[in-house]
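Results of the structural survey
The chain contents come next:
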Amino acid sequence: GDYGLALLCFGIAQRLFHVRRLTPHHMVQRNFEVASELLHAQRMVVDIDSLWADDGSRLSTAISSAMHLQRGQWDAGGQSYEQWALSGGSLQRLVAVLLDR
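Okay, so let's go over this structure. This structure is a prediction, so every number in the text was calculated from the model and none was measured. (Residues numbered from 1 in each chain as written. Predicted model: local features only at pLDDT ≥ 70, side-chain atom pairs only at ≥ 80, totals over all residues. Heavy atoms only, no water.)

1. Topic: the pattern of salt bridges
A pair can form between side chains of opposite charge whenever their charged atoms are brought close. The tally for this structure, following the rule as stated, stands at three salt bridges. Across the pair Arg21 and Asp100 runs a salt bridge, and its minimum N-O distance is 3.7 Å. Within this pair, whereas Arg21 is found in the loop between helix H1 (3-19) and helix H2 (26-41), its partner Asp100 is found in the segment after helix H4 (88-98), the two being separated by 79 residues in sequence. Linking Arg30 and Glu33 is a salt bridge whose minimum nitrogen-to-oxygen distance equals 3.6 Å. Taken together, the residues span about one helical turn, with Arg30 and Glu33 both in helix H2 at a distance of three residues. Take Arg30: its relative accessible area is 38%, and that puts it in the partly exposed class. (Salt bridge = Lys/Arg side-chain N within 4 Å of Asp/Glu carboxyl O. Helix = DSSP H or I, 4+ residues; strand = E, 2+ residues; numbered from the N terminus. Buried < 20%, exposed > 50% of the residue type's maximum accessible area, 1.4 Å probe, protein only.)

What follows is the structure, given as structure tokens:
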């Protein structure tokens, strides 16, 4: 599987709890840990904390990658173009929330 993508998604879920000043659900934390362990077993490291450290450009890029839809995941009406489940203003608003701004 794509453990980096899974770690990103669970990291974002944890961050949403954090900015809302709530305790994350124990399964969100556990799934984050499992994804991290699976990456570590493949000698890979993803620094999730670095996503919150800049102006949001790194986070925006990561979310765009995670939200990119593959062909067949949407009805393109016979046209060939790329599609994202989240982009533009919606993406920027999510980034602002995650950065707690």
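2. A closer look at the packing of helix H3 (residues 57-66) against H4
Remark: H3 packs on H4, axes separated minimally by 10 Å, with the N-to-C direction vectors making an angle of 125°. Taken together, the axes of H3 and H4 lie oblique to each other. Taken as a pair, H3 and H4 cross one another with a handedness that is right-handed. Within the contact between the two elements, H3 uses Leu59, Ser60, Ile63 and Ser64 and H4 uses Leu91, Gln92, Leu94, Val95 and Leu98. (Axes fitted to C-alpha atoms, helices over the stretch in contact; angles between N-to-C directions. Parallel < 35°, antiparallel > 145°, perpendicular 65-115°, else oblique. Left-handed = near helix turned anticlockwise from the far one by under 90°. Contact = heavy atoms within 4.5 Å.)

3. Observations regarding the side chain of Ser60
Take Ser60: it is sitting in helix H3. Non-local contacts of Ser60, meaning those with residues more than four positions away in its chain, are made with Leu91, Gln92 and Val95.

4. Points about the packing of H1 against H4
Packing of H1 against H4 brings their axes to within 9 Å, and their N-to-C directions diverge by 60°. Contact residues: Ile12, Arg15, Leu16 and Val19 in H1; Leu94, Val97 and Leu98 in H4. A class-by-class count of the residues in the contact of H1 with H4 yields six nonpolar, no polar and one charged. (Nonpolar A, V, L, I, M, F, W, Y, C, P; charged D, E, K, R; others polar.)

5. A word on unusual backbone geometry
Within the chain, Arg21 stands out as a residue other than glycine whose phi angle is a positive 60°. In the Ramachandran plot, Arg43 falls in the positive-phi region, its phi being about 60° despite a non-glycine side chain. Looking at the element boundaries, Arg43 is found in the loop between H2 and H3.

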